[in-house]
Amino acid sequence: MRFLTLLLALTVLMLGCGGGGGATDNPNILRVGNGAEVQDLDPHLVSGVTEHRVLTSLFEGLVDLDAALKPVPGVAESWTVSDDGRVYTFTLRGDAKWSNGNPLTAHDFVYSWQRMLSPALGAEYAYLLHCLKNGRAFNEGKVADPDALGVKALDDHTLEVTLENPTPYFLGMQIHFAWFPVNQKVIETFGAKDERGTRWTRQENFVGNGPFKLAEWRPNEVIRVVRNPYYWDRDNVKLDGIDFYPIDNEQTEERKFRVGDLDITSTVPLYKVKPYQEKHPELIHLDPYLSVYFYRLNTTRAPFTDRRVRRAFSMAVDREELVQNVLKAGERPACFLTPPDTAGYTCTSRVPHDPEGARALLAEAGYPNGEGLPVIEILYNTMESHKLIAETLQRQWKETLGVEVRLMNQDWKVYLSSMNNLDYSVARSGWTADVDDPVNFLECFLSGQGNNRTGFSNAGYDRLINAAYAEADPKARLDLLQRAEAILLDESPVVPLYFPTRRYLMAPAVKGYTPNLLGYLRWKDFYLTR
């Protein structure tokens, strides 16, 4: 008992020593826990928050967002919009440069957006650019001429963008890596325009245009970026650099923060939330977040080829138990996919917690009390909180449906590959808004969409989403999205679980960040007071 008491006392003492105040060679280097090793540093070939955090330090789009998520000048110093909302004319800065000192021009954006939409590149996020005139047709190979795209360089510093339809969130999308420019000379020095996985992203070859430039990339150890001397707003960049550490173990990351080796973490172990709230509330942050945590069901693999089985698995989940007894960090149960009050939209359809109804549907599908169902495997990327959630669903599905469930964890890159190749039955997933608009959640599940990853395809759903793209009346547009989400919940290719908070630890010495619904980190605003 004395040993246990001493151990507990030491644990509390260690918790009290936190705050990121450890020694460093340069006190003006921000040290960030980044969750996992990045998939790539090619902004046109990645798909995760992990990558977005790094890439927004290395690149900048035409437009940036301020602390209130309002559009502010980025590479473009100004822009005009036509009366019909379809034509944007951007004036680029005369001093915009790449990190190698070469001029960055309007032609670079034309090249980059053509590359992003190239069918041969197969970019998962290409659909974000479908709002460009002929964007979807070009991406799907129905239009072969890249010059038919709605992006033209009128001269070196004037870019004209023509959209298929008025898109109210177009400017806000420019902080997404899908819209970032890439350097044509560097890309084509190491491969073809639409070739994947070439050496251009290696540290000795890399060229970006953001407030920082790549100094070092040691896979599974650190990505180090330093101030970019050619960045147009370099005088207002306060940090000398940022070290991004890929740490996919939540306990390890928290321990590194506690002993002073990190200034910001990517998350907080669930069991540590309450101790920090009680002992060190100044270190822990639980920010509102436009995000949803859900499970994908592979609709191309039995038994999830049957809508009744998918619906039964969703109805069997007790989301209240999950958020109240397992998560306990301000999360809200998700009975629909799109977070409530996303740009004024809240889904009116619901997935009920209905164990009896779930069992009836399963029996109707030919699996009374789960008899005849194969063992169901839940895939998740390595992280303790994902494991805890999977264990909860494993137990709930066993108790309610009588199904045997096993867990499978994979590292980030392998997990993404498994989802992209539909090599799974059930997979944990999450979606954080790229823009504050409900269509950003719902368009993921269009037929053939790069981020669909379920095999789900429904012609009625597609028609409603595409009609919403073209609808100019805000109320009518939201009505179309309501109808689309009702189909999605009824067909159940996904199992919504909860709406997260963004939980992380931040040292008091870190300044310049204002929490926002997108979790957008505008790195050039950060500074340190140590």
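Preceding this paragraph is the structure being described.
These notes cover the structure that comes with them. (Residues numbered from 1 in each chain as written. Predicted model: local features only at pLDDT ≥ 70, side-chain atom pairs only at ≥ 80, totals over all residues. Heavy atoms only, no water.)

Some thoughts on the overall build of the chain
Logical step 1: Along the chain, the regular secondary structure elements total 15 helices and 20 strands.
Logical step 2: Each principal axis of the C-alpha atoms in the chain carries an extent, and together these give about 65 × 65 × 40 Å.
Logical step 3: Across the 530 residues in the chain, those meeting the buried criterion constitute 57%.
Logical step 4: When contacts within the chain are restricted to residue pairs at least 6 apart in sequence, long-range pairs at least 24 apart make up 70% of them.
Logical step 5: As displayed, the chain offers around 20800 Å² of accessible surface, 50% of which is attributable to carbon and sulfur atoms.
Logical step 6: Within the chain, one finds 57 positive and 69 negative side-chain charges whose respective centroids are separated by 4 Å. (Helix = DSSP H or I, 4+ residues; strand = E, 2+ residues; numbered from the N terminus. Buried < 20%, exposed > 50% of the residue type's maximum accessible area, 1.4 Å probe, protein only. Contact = heavy atoms within 4.5 Å. Areas by Shrake-Rupley, 256 points an atom, 1.4 Å probe, with all protein chains shown as cover. Lys, Arg positive; Asp, Glu negative; His and termini not counted. Charge placed at Lys NZ, Arg CZ, Asp CG, Glu CD.)

Side note on the environment of L518
Logical step 1: On the secondary structure map, L518 appears in the loop between β19 (510–511) and β20 (527–528).
Logical step 2: The buried category is assigned to L518, whose relative accessible area is 10%.
Logical step 3: When the C-alpha atoms of L518 and D436 are compared, they prove to be 7.7 Å apart, with 82 residues separating the residues in sequence.
Logical step 4: Sequence-distant contacts of L518, defined by excluding residues within four places in its chain, comprise L65, L69, I175, Y289, L290, T432, A433, D434, V435 and D436.

As for the layout of surface pockets
Logical step 1: Counted as a void, the largest pocket has a volume near 1100 Å³.
Logical step 2: Looking at the largest pocket, it is lined by 50 residues, and the ones nearest its centre are T167, Y169, M173, E443 and Y469.
Logical step 3: Only α4 (135–139), α14 (459–470) and α15 (474–491) provide two or more residues apiece to the lining of the largest pocket.
Logical step 4: In terms of residue count, α14 provides more of the lining of the largest pocket than any other element does, four residues in total.
Logical step 5: Here the lining of the largest pocket is composed, by residue class, of 27 nonpolar, twelve polar and eleven charged. (1 Å grid on protein atoms, 1.4 Å probe; cavity = no way out; pocket = protein on both sides within 12 Å on 5 of 7 lines; lining within 4 Å. Points joined across faces, edges and corners; volume = space filled by probe spheres on them. Nonpolar A, V, L, I, M, F, W, Y, C, P; charged D, E, K, R; others polar.)

Regarding helix α2 (residues 49–58)
Logical step 1: The buried fraction of α2 amounts to nine of the ten residues, a majority that puts the element mostly inside the structure.
Logical step 2: Within the span of α2, buried status applies to T50, E51, H52, R53, V54, L55, T56, S57 and L58.
Logical step 3: Among the structural elements, β8 (212–218), β9 (222–227), β10 (241–245) and α12 (412–420) are those in contact with the buried residues of α2.

Some words on the sheet that holds strand β15 (residues 405–410)
Logical step 1: Sheet architecture is open: six strands sit in the order β13-β17-β12-β16-β14-β15, paired in mixed fashion. Of all strands in the sheet, those with a lone pairing partner are β13 (332–333) and β15, marking the two edges.
Logical step 2: Where β13 and strand β17 (residues 494–499) come together, two bridges link them in antiparallel fashion. Bridged to P333 within β17 is Y498.
Logical step 3: Where helix α11 (residues 384–401) meets the sheet, it contacts β12 (291–297), β14 (376–381), β15, β16 (426–432) and β17, and its direction lies at approximately 165 degrees from that of β14. (Pairing = 2+ DSSP bridges. Axes fitted to C-alpha atoms, helices over the stretch in contact; angles between N-to-C directions.)

A closer look at helix α6 (residues 250–258)
Logical step 1: Looking at α6, one finds that the buried residues are E250, Q251, E253, E254, F257 and R258. The arc enclosing the buried residues of α6, seen along the axis, measures out at 160 degrees, which places them on a common side.
Logical step 2: Between the side-chain oxygen at the start of α6 and the backbone nitrogen of Q251 there is a gap of 2.9 Å, and the oxygen is on N249.
Logical step 3: Positive backbone phi, at 95 degrees, marks G260, one or two positions downstream of α6. (Arc of directions from axis to C-beta. Polar contact = N/O pair within 3.5 Å; in protein donor to acceptor, adjacent residues only side chain to side chain.)

Describing the pattern of salt bridges
Logical step 1: For the structure on display, the rule yields 28 salt bridges.
Logical step 2: Two residues, E140 and R136, come together in a salt bridge whose shortest N-O distance is 3.0 Å.
Logical step 3: On the accessibility criterion, E140 (38% relative accessible area) is partly exposed.
Logical step 4: Looking at R136, the relative accessible area reads 32%, which means it is partly exposed. (Salt bridge = Lys/Arg side-chain N within 4 Å of Asp/Glu carboxyl O.)

Points about empty space enclosed by the protein
Logical step 1: This model, assessed by the stated rule, comprises six cavities of 30 Å³ or more.
Logical step 2: As a volume, the largest cavity reaches approximately 1000 Å³.
Logical step 3: Along its surface, the largest cavity is lined by 49 residues, and V49, R53, Y289, R428 and T432 are the ones closest to its centre.
Logical step 4: If you list the elements that add at least two residues to the lining of the largest cavity, you get α2, β12, α11, α12, β16 and β18 (502–505).
Logical step 5: Classifying every residue of the lining of the largest cavity gives 21 nonpolar, 19 polar and nine charged.
Logical step 6: Considering only enclosed or pocket space, the second largest cavity measures out at about 120 Å³ in volume.

What to know about the side chain of D437
Logical step 1: By secondary structure assignment, the location of D437 is in the loop between β16 and α13 (439–442).
Logical step 2: Overall, the relative accessible area of 6% leaves D437 in the buried class.
Logical step 3: At a separation of 3.0 Å, a polar atom in the side chain of D437 contacts the main-chain amide nitrogen of V439.
Logical step 4: Among all residues touching D437, those that are not within four sequence positions of it are Y169, T342, A343 and R477.

Considerations on the side chain of N209
Logical step 1: By the secondary structure assignment, N209 is in the loop between α5 (184–189) and β8.
Logical step 2: Polar contacts involving the side chain of N209 include one to the main-chain amide nitrogen of E60, which spans 2.9 Å.
Logical step 3: In this structure, N209 is in contact with L58, F59, E60, V75, K97, W98, L104, P181, N228 and Y231, ignoring residues within four places of it in sequence.

Digging into the sheet that holds strand β7 (residues 158–162)
Logical step 1: Ordered by their spatial adjacency, four strands build an open sheet running β4-β5-β7-β6, and the pairing between neighbours is antiparallel. Each of the sheet's edge strands pairs with one partner strand only, and the pair in question is β4 (76–81) and β6 (151–155). Ignoring strand direction, the axes of neighbouring strands in this sheet form an average angle of 20 degrees.
Logical step 2: In the sheet, β6 pairs with β7 via four bridges, with the strands oriented antiparallel. Across the sheet, the residue bridging to V151 is V161, located in β7.

These results come straight from atomic positions and should not be treated as a statement about function.
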